[in-house]
Amino acid sequence: TFPSNQDKLSSSFSTAGFGNSVIAILAGLVSNKAASHGKLRPWDASLDTKEGMFFVDGYLNPFDIALLALICCGICATFLWEENYGESGGKENAENSPKWYDGLKRAYKTTIRNRDILLCGLVSSLFEGSMYIFVFMWTPAMQNLAKKEEGLGEDESVELPYGLIFSTFMVCCMTGSSLFSIVAERMKGEALAVVVFAVSSVAMSLVIVSSNSNVTFIAMNIFEICVGMYFPVMGTMKGMIVPEDQRAAIYNLYRIPLNFIVVSSLLAHLTATQGFVAVTIMLVTATFLQLALARRRLNVSSLADMSHLQSLAMNTAKIKL
């Protein structure tokens, strides 16, 4: 089982993931309803669709609702959040204060020298990169399968309930967060992450080889369950592996390979099949890297427990003597 501090981290991340999924489910349902409310048209009704510059209704409605939600969040943050300005020093403190890049340099050295931190960053970048590519590719993949089953050509369009599909994905994410809170009591986080990445690899492999829309959709839902388990388990591992005094800088370093993966996939103009092949390769790689990390972490943990028991036994023997 987890230690007490790790148990608190696990429950916190699991609760956060569950809440995010609930909001995402509601957002998907609202967006699906809003997108089906009217067809896309120019703001000026007298203009043709090709002539207009500003449009309303159709698929723009969910974006308009998102804009309103962001404005509400900004207002709430302005009045409810307190800013942390830090400690203000005098001129001497300002002259002796470290440069803005010193924290990143120190975080880079720590990441390179500590293999656990490095492996954790590589694993998180690979999985999150595959997740973002999945976000880009699931829509064209479902469209292609629907066209094949309905006998439509590539130039013809097919209407799918994207909001409902997205809400289904978020239900699976919520299921994954709930599963994590149950399984985390019986399995170490490092070992659980290996299972999550392995199942994700199998699910994405099914998406590649399957020509049936039902099988593909089920495989995508399985992947989303793994995504729901990933965030709390990775948050827990990062909290235990990454040192607190360098956490912000190291997390920023973790974003560099992630952004590289996402930008490269967009610039490469991958097809849906190519995108899922890339996702599967990254997930398989993440599985083996996480397996190496789990072996290191679990061996260290078992050795620490053994040394602790030995010290207790020695102290007990001294007391008896």
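Residues numbered from 1 in each chain as written. Predicted model: local features only at pLDDT ≥ 70, side-chain atom pairs only at ≥ 80, totals over all residues. Heavy atoms only, no water.

Engineer: Quick rundown of the pattern of salt bridges? Include the residues and the values.
Structural biologist: Throughout the structure, instances matching the rule amount to five salt bridges. Here Asp116 makes a salt bridge to Arg297, at a shortest N to O gap of 3.8 Å. Placement of Asp116 in helix H5 (residues 115-150) and of Arg297 in helix H10 (residues 272-320) is noted, with a sequence separation of 181 residues between them. Between Glu190 and Arg297 there is a salt bridge, with its nearest N and O atoms 3.4 Å apart. Remark: Arg297 occurs in helix H10 and Glu190 occurs in helix H7 (residues 189-209); sequence separation between them is 107 residues. Classification of Glu190 as buried rests on a relative accessible area of 7%. Members of the salt-bridge network, linked through shared partners, are Asp116, Glu190, Arg296 and Arg297. (Salt bridge = Lys/Arg side-chain N within 4 Å of Asp/Glu carboxyl O. Helix = DSSP H or I, 4+ residues; strand = E, 2+ residues; numbered from the N terminus. Buried < 20%, exposed > 50% of the residue type's maximum accessible area, 1.4 Å probe, protein only.)

Engineer: Pulling in residues and values, what's your account of the nonpolar core?
Structural biologist: By size, the foremost hydrophobic cluster in this structure holds 58 residues, and its most contacted members are Phe134, Trp138, Phe197, Met204, Met220, Phe223 and Phe276. Elements supplying a minimum of two residues to this core: helix H1 (4-35), H5, helix H6 (162-183), H7, helix H8 (213-241), helix H9 (247-267) and H10. The residues contacting Phe134, other than those within four sequence positions of it, are Phe169, Met204, Met220, Phe223, Glu224, Phe276 and Val279. (Core = buried A, V, L, I, M, F, W, Y, C linked by side-chain atoms within 4.5 Å. Contact = heavy atoms within 4.5 Å.)

Engineer: Describe a nonpolar patch on the surface, listing the residues and the values that go with them.
Structural biologist: A cluster of nonpolar side chains, contributed by Leu67, Leu68, Ile71, Ile75, Phe79, Leu80 and Trp81, occupies part of the molecular surface with about 880 Å² of accessible area. In this fold, Ile71 is placed in helix H2 (residues 61-80). With relative accessibility at 45%, the residue Ile71 sits in the partly exposed group. (Patch = residues over 30% accessible without salt bridge, like charges linked within 9 Å, V, L, I, M, F, W, Y side chains within 5 Å. Areas by Shrake-Rupley, 256 points an atom, 1.4 Å probe, with all protein chains shown as cover.)

Engineer: Explain the packing of H5 against H8 to me, using residue names and the numbers behind them.
Structural biologist: At a closest axis distance of 11 Å, the pairing of H5 and H8 adopts a crossing angle of 160 degrees. Compared by their axis directions, H5 and H8 come out roughly antiparallel. Crossing hand, H5 versus H8: left-handed. Grouping the constituent residues of the contact of H5 with H8 by class yields 19 nonpolar, four polar and five charged. (Axes fitted to C-alpha atoms, helices over the stretch in contact; angles between N-to-C directions. Parallel < 35°, antiparallel > 145°, perpendicular 65-115°, else oblique. Left-handed = near helix turned anticlockwise from the far one by under 90°. Nonpolar A, V, L, I, M, F, W, Y, C, P; charged D, E, K, R; others polar.)

Engineer: Tell me about the packing of H6 against H8, and name the residues and values.
Structural biologist: Following both chains from N to C, one finds H6 and H8 inclined at 45 degrees, their axes separated by 7 Å at the closest point. One way to sum up the angle between H6 and H8 is to call them oblique. Crossing geometry of H6 relative to H8 is assigned as right-handed. Side by side, H6 and H8 meet where Ile165, Thr168, Phe169, Met170, Cys172, Cys173, Gly176, Ser177, Leu179 and Phe180 of the first sit next to Phe217, Met220, Asn221, Glu224, Ile225, Val227, Gly228, Met229, Pro232, Val233 and Thr236 of the second.

Engineer: Please provide a residue-by-residue account of the confidence of the model for the protein chain, values included.
Structural biologist: Low pLDDT marks stretches whose predicted atomic positions should not be read closely. Per-residue confidence for the protein chain gives a mean pLDDT of 81; residues scoring 70 or more make up 81%. When pLDDT is averaged over each element of the protein chain, H7 comes out on top at 93 and helix H3 (residues 91-96) at the bottom at 52. Within the model, pLDDT remains below 50 along residues 88-92, and this stretch shows zero contacts once partners closer than five positions in the same chain are excluded. Counting contacts from residues 316-321, a segment whose pLDDT is below 50, to residues more than four positions away or on other chains yields zero contacts. (pLDDT = per-residue confidence, 0-100.)

Engineer: Any details on H6? Residues and values, ideally.
Structural biologist: Across its 22 residues, H6 extends 31 Å between first and last C-alpha, which sits within 8% of the 32 Å expected from 1.5 Å per residue. Regarding H6, the residues found buried are Tyr162, Gly163, Ile165, Ser167, Phe169, Met170, Cys172, Cys173, Met174, Gly176, Ser177 and Phe180. (Expected span 1.5 Å × (residues − 1).)

Engineer: So what's going on with the packing of aromatic side chains? Residues and values would help.
Structural biologist: Scanning the entire structure with this criterion turns up 12 aromatic pairs. Above the plane of the ring of Tyr251 lies Lys238, whose end atom (NZ or CZ) is 5.1 Å from the centre. (Phe/Tyr/Trp six-rings, centres within 6.5 Å; stacked < 30°, edge-to-face > 60°. Lys NZ or Arg CZ within 6 Å of the ring centre and 35° of its normal.)

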